[in-house]
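# Topology and contacts: notes
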Amino acid sequence: MYARDMARIATPVGVVTIYGDDAAIASIQIDAIAGPPISGASLPVRAAADQIQAWFAGERTNFDLPLTAARTIRGQVLRDAMVAIGYGEVLSYGALAATIGSSARAIGQACARNPFPIIVPCHRVSNADGSLGAYSAGEGPATKRWLLDFERRDRRDRLL
């Protein structure tokens, strides 16, 4: 990535900062640190900001964005497995691992290293006993709980 671009938007879980360039989104961060909104200049970064805002508004349930490729083929398989978890659904680390012939530990590591929180929905992965598990973005498990509750409420409202 040569010319790095950035957008910053306020969301219910904190400030979301999107980094990328003219080709793809490089990473997303959720922080409590406020700053002025920034719209970004590149098409992928602006599209990510728009789609994330639409997601928080309940206007979309998935994302269609160019993301930088995972460093390995296995990393991409793990990322794709997280993306395949449906909106408002939750799978355990072990159940998700079983769908791709991997291990729960590998899923946990992929979640912990996920550079695209919200877009690659690692918040939809929990412990086998139904407890939240860890979350590496925003305020950790509190952010994960908020995201899961939001999706469940929104999904329920869509079904009514």
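What counts as what
Numbering of residues starts from 1 in every chain and runs along the sequence as written. Owing to the predicted nature of the model, reporting of local features is limited to residues with pLDDT of at least 70; listing and counting of side-chain atom pairs is limited to 80 or more, with chain, interface and lining totals taken over all residues. Each side-chain value is worked out from all heavy atoms of the structure, with water and hydrogens disregarded. Helix numbering and strand numbering both begin at the N terminus, where a helix is a DSSP run of H or I of at least 4 residues and a strand a DSSP run of E of at least 2. When we talk radius of gyration, it's over C-alpha atoms, and the globule rule is simply 2.2 Å times the number of residues to the 0.38. Note on exposure labels: buried denotes an accessible area under 20% of the residue type's maximum, exposed denotes more than 50%, and partly exposed covers the range between, all computed with a 1.4 Å probe on protein chains only. Contact between two residues is taken to exist if any of their heavy atoms lie within 4.5 Å; hydrogens are not considered. Residue burial considers only the protein chains on display, and all accessible areas are found by Shrake-Rupley using a 1.4 Å probe. Strands are labelled as partners when DSSP assigns at least two bridges between them. In the sections that follow, a salt bridge refers to a side-chain nitrogen of Lys or Arg positioned within 4 Å of a carboxyl oxygen of Asp or Glu. When two cysteine sulfur atoms are found within 2.5 Å, that pair is recorded as a disulfide. Two N or O atoms count as a polar contact when they lie within 3.5 Å, although within protein this holds only if one can serve as hydrogen donor and the other as acceptor, and sequence-adjacent residues are included solely when both atoms are side-chain atoms. Note on method: axes are straight lines fitted to C-alpha atoms, helices fitted across the in-contact stretch only, with angles between N-to-C directions ranging 0 to 180 degrees. These descriptions rest on fixed angle ranges, namely under 35 degrees for roughly parallel, over 145 for roughly antiparallel, 65 to 115 for roughly perpendicular, and the rest for oblique. Under the grouping applied here, Gly and all other residues not named as nonpolar or charged are polar, the nonpolar ones being Ala, Val, Leu, Ile, Met, Phe, Trp, Tyr, Cys and Pro and the charged ones Asp, Glu, Lys and Arg.

Across its full length, the protein holds 5 helices and 5 strands. In the protein, the succession of α and β elements from N to C terminus is β-β-β-α-α-β-α-α-β-α. In summary, the protein has a C-alpha radius of gyration of 15 Å against a globular reference of 15 Å for 160 residues, a match within 12%. For the protein, the C-alpha atoms occupy an extent of roughly 40 × 40 × 30 Å along the three principal directions. Residues classed as buried in the protein amount to 47% of the 160 residues present. Put simply, 55% of the contacts in the protein that link residues at least 6 apart link residues at least 24 apart. As presented, the protein carries roughly 8300 Å² of accessible surface, and 53% of it is formed by carbon and sulfur atoms.

Burial analysis of strand E2 (residues 14–20) places 7 of its 7 residues in the buried class, which makes it a mostly covered element. Judged from the 7 bridges that link them, strand E1 (residues 5–11) and E2 form a sheet pairing that is antiparallel. What sits directly across from Ile-9, in E2, is Val-16. As judged from the 6 bridges shared by E2 and strand E3 (residues 25–31), these two strands associate in the antiparallel manner.

So, on to the pattern of salt bridges. For the coordinates displayed, the defined rule picks out 2 salt bridges. The residue Glu-151 makes a salt bridge to Arg-124 at a minimum N-O spacing of 2.8 Å. Of the two residues, Glu-151 is situated in helix H5 (residues 141–159) and Arg-124 in the loop between helix H4 (104–112) and strand E5 (125–126); the sequence distance between them amounts to 27 residues. Residue Glu-151 shares its accessibility class with Arg-124, and that shared class is buried.

With the rule as written, the count across this model stands at 0 disulfides. Free of any disulfide, Cys-122 has its nearest neighbouring cysteine sulfur in Cys-111, separated by 5.0 Å. By relative accessible area, Cys-122 is classed as buried at 4%.

Here the focus is the environment of Arg-60. Mapped onto the elements, Arg-60 comes out in the loop between helix H1 (43–56) and helix H2 (73–83). Spatially, the C-alpha atom of Arg-60 lies 9.7 Å from that of Tyr-87, the residues being 27 residues apart in sequence. At 2.6 Å, the side chain of Arg-60 forms a polar contact with the backbone oxygen of Asn-62.

What follows covers the sheet that holds E1. If you trace the 3 strands from one edge of the open sheet to the other, you get E1-E2-E3, paired in antiparallel fashion. At either end of the open sheet lies a strand with only one pairing partner, and these are E1 and E3. Between one strand and the next, the sheet's axes are offset by a mean angle of 15°, whatever the strand orientation. Against the sheet, H1 touches E1, E2 and E3, its axis set at about 10° to E1.

Attention shifts here to the packing of H2 against H4. In the contact formed by H2 and H4, the axes pass within 10 Å of each other and the chain directions differ by 85°. It follows from the interaxial angle that H2 and H4 lie roughly perpendicular. Two secondary-structure elements touch here, H2 through Arg-74, Leu-78 and Met-82 and H4 through Ala-106, Ile-107, Ala-110 and Cys-111. Here the contact of H2 with H4 is built from residues that sort into 6 nonpolar, no polar and 1 charged.

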